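Geometric and topological summary
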Amino acid sequence: MRSMNLVDAWVQNLSIVKHPYPSKSLIRFQPVFLKSSRPITSHAVSAVLTGEEAKISTPFNFNAYVLDKANHVNKALDDAVALRHPPMIHEAMRYSLLAGGKRVRPMLCIAACEIVGGPQSAAIPAACAVEMIHTMSLIHDDLPCMDNDDLRRGKPTNHKVFGEDVAVLAGDALLAFAFEFMATATVGVAPERVLAAVGELAKAIGTEGLVAGQVVDLNCTGDANVGLDTLEFIHIHKTAALLEASVVLGAILGGGSNDQVEKLRTFARKIGLLFQVVDDILDVTKSSEELGKTAGKDLAVDKTTYPKLLGLEKAVEFAENLNEEAKAQLADFDPLKAAPLAALADYIAHRQN
């Protein structure tokens, strides 16, 4: 009998799952979904579907926090990937790396560092590293041999500007430099914690993480028989793994205990899946102009998505429950220090692009 997946657990009245994931899975916890303490309201649905501004429940200035952290990360990225010889490759790297974006992963990394009592400075190199790797994945994902997309963050994709050959190399260079930068620019952190963070990030993007999800995604495109198990595998590995790594890196570098790191890992796994569920919803409810990338692409290539398998209304409900269960993992932390992560979870749930 197959092990029950996260969606199964939710569909069956959010009952406690009795079967853990197989040992080879990236997942390190049993997917337990407790009944949400508050019902799913029509307001929560409309916040995702109509463009209504998300209501952040935490008592701090989320907009100011986002602006401050994004400014720190953008400056660090600009300084780290400077224009130098040979100019073309560095222009291509900077073109995609500095093209905007929400900087969700770096913010999660910094917030996780701070929630366990670490300083922002300890997390900045890792925060930049995960953004470099995320950008690499976007450059490669947009290539004709992959998703074949022409638009990213409201601009022509990297290969449309620099050619496919340079785009591949720009992604490769960002991947390599991410590890160099995190290993050499992190200061004031015990070497064993830096090493643990490097190992965590490497695992998240290899054949136990991002690459695994991408390969299965490619193989399943156009397959009408893809079920919830496979869809969940794709998104936990392709999308959630790097989001999880962002949080876990911050917690490790900030000096978190094993218990704190694992609680935050569980939080991150749930918001990672939440991110993809919302992405699937936005793909069928928003325009290309609103998203800054090609809308309806999943439908056009007959990709399996959560709205396709669950229906739009239940996909939105599933997203809301993932958000609530993720935030429940923060209950044992200082509420003031947990506020940024709780607000980021709300933002992921109710984002509009």
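Attention here is on the structure that accompanies the text. (Residues numbered from 1 in each chain as written. Predicted model: local features only at pLDDT ≥ 70, side-chain atom pairs only at ≥ 80, totals over all residues. Heavy atoms only, no water.)

In total, this model carries 3 cavities of 30 Å³ or more according to the counting rule given. Taken together, 13 residues make up the lining of the largest cavity; nearest its centre are Ser-96, Asp-142, Arg-152, Arg-153 and Asn-158. Of all the secondary-structure elements, those providing two or more residues to the lining of the largest cavity are α4 (87-97), α6 (120-141) and β2 (155-156). Counting residues per element, the lining of the largest cavity draws most heavily on α6, at 3 residues. Of the residues assigned to the lining of the largest cavity, the class counts are 5 nonpolar, 4 polar and 4 charged. (1 Å grid on protein atoms, 1.4 Å probe; cavity = no way out; pocket = protein on both sides within 12 Å on 5 of 7 lines; lining within 4 Å. Points joined across faces, edges and corners; volume = space filled by probe spheres on them. Helix = DSSP H or I, 4+ residues; strand = E, 2+ residues; numbered from the N terminus. Nonpolar A, V, L, I, M, F, W, Y, C, P; charged D, E, K, R; others polar.)

On to the packing of helix α10 (residues 210-220) against helix α11 (residues 228-253), then. Here α10 crosses α11 at 140°, and the two axes come no closer than 7 Å. In terms of their interaxial angle, α10 and α11 are classed as oblique. Considering the relative orientation of α10 and α11, their crossing is left-handed. In this structure, α10 contributes Leu-210, Ala-212, Gly-213, Gln-214, Val-216, Asp-217 and Cys-220 to the contact, and α11 contributes Thr-230, Phe-233, Ile-234, His-237, Lys-238 and Ala-241. Taken together, the residues of the contact of α10 with α11 sort by class into 7 nonpolar, 4 polar and 2 charged. (Axes fitted to C-alpha atoms, helices over the stretch in contact; angles between N-to-C directions. Parallel < 35°, antiparallel > 145°, perpendicular 65-115°, else oblique. Left-handed = near helix turned anticlockwise from the far one by under 90°. Contact = heavy atoms within 4.5 Å.)

Looking now at the pattern of salt bridges. Note on pairing: side chains with opposite charge can pair once their charged atoms come close. Tallied over the entire structure, the rule returns 19 salt bridges. Asp-79 is the salt-bridge partner of Lys-75, the closest N and O atoms lying 2.9 Å from each other. You can see Lys-75 and its partner Asp-79 sitting in helix α3 (residues 62-80), 4 residues apart, about one turn around the helix. Of the residues examined, Lys-75 reaches a relative accessible area of 55% and is grouped as exposed. Judged by relative accessible area, which is 48%, Asp-79 ranks as partly exposed. Residue Lys-327 is joined to Glu-324 by a salt bridge in which the shortest nitrogen-to-oxygen separation is 3.5 Å. Note that Lys-327 and Glu-324 are positioned in helix α16 (residues 312-328) at a spacing of 3 residues, about one turn of the helix. By relative accessible area, which is 17% here, Lys-327 ends up buried. (Salt bridge = Lys/Arg side-chain N within 4 Å of Asp/Glu carboxyl O. Buried < 20%, exposed > 50% of the residue type's maximum accessible area, 1.4 Å probe, protein only.)

Right, let's talk about the packing of aromatic side chains for a bit. Tallying each qualifying case throughout the model produces 6 aromatic pairs. Plain terms: the ring middles of Phe-60 and Phe-62 are 6.4 Å apart, the flat faces sit at 75° to each other, and that makes the pair edge-to-face. Between Phe-177 and Phe-181, the ring centres sit 5.8 Å apart and the planes meet at 35°, which makes this aromatic pair tilted. Here Phe-181 and Phe-177 lie together in helix α8 (residues 164-185), a separation of 4 residues that amounts to about one turn. Accessibility expressed as a relative area gives 12% for Phe-177, which makes it buried. Three or more aromatic residues joined by ring pairs form one cluster here, namely Phe-60, Phe-62, Tyr-65 and Tyr-347. Sitting over the face of the ring of Phe-275, Arg-351 holds its NZ or CZ atom 3.8 Å from the ring centroid. (Phe/Tyr/Trp six-rings, centres within 6.5 Å; stacked < 30°, edge-to-face > 60°. Lys NZ or Arg CZ within 6 Å of the ring centre and 35° of its normal.)

With 22 residues, α6 should cover 32 Å at 1.5 Å per step; its first-to-last C-alpha distance of 31 Å lies within 8% of that length. Counting buried residues in α6 gives 21 out of 22 residues, a clear majority hidden from the surface. (Expected span 1.5 Å × (residues − 1).)

Judged by nonpolar contacts, the single largest core of 95 residues is most densely connected at Leu-108, Met-132, Leu-201, Leu-249 and Leu-264. With 13 residues, the single largest contributor to this core is α11. If we ignore the near neighbours within four places in the chain, the residues touching Leu-264 are Ala-112, Ile-115, Val-116, Val-247, Ala-251, Leu-330, Phe-333 and Leu-341. (Core = buried A, V, L, I, M, F, W, Y, C linked by side-chain atoms within 4.5 Å.)

A word on the packing of helix α9 (residues 191-205) against α11. Pairs of packed helices are described in terms of their axes, by the angle between the two and the distance that separates them. α11 packs onto α9 with a crossing angle of 175° between their chain directions and a minimal axis gap of 9 Å. Relative to α11, α9 is oriented roughly antiparallel. Residues Arg-193, Val-194, Ala-196, Ala-197, Glu-200, Leu-201, Ala-204 and Ile-205 of α9 pack against Ala-241, Leu-242, Glu-244, Ala-245, Val-248, Leu-249, Ala-251, Ile-252 and Leu-253 of α11. In terms of residue class, the contact of α9 with α11 is made up of 14 nonpolar, no polar and 3 charged.

Here we come to unusual backbone geometry. Residue Pro-86 is reached from His-85 by a cis peptide bond, and omega for that bond is -5°. Its identity as a non-glycine residue notwithstanding, Asn-148 has a phi of 55°, on the positive side. Turning to its location among the elements, Asn-148 is positioned in the loop between α6 and β1 (151-152). Positive phi, normally seen in glycine, also occurs at Arg-153, with a value near 55°. Turning to its location among the elements, Arg-153 is positioned in the loop between β1 and β2. The exposure class assigned to Arg-153 is partly exposed, which follows from its relative accessible area of 22%.

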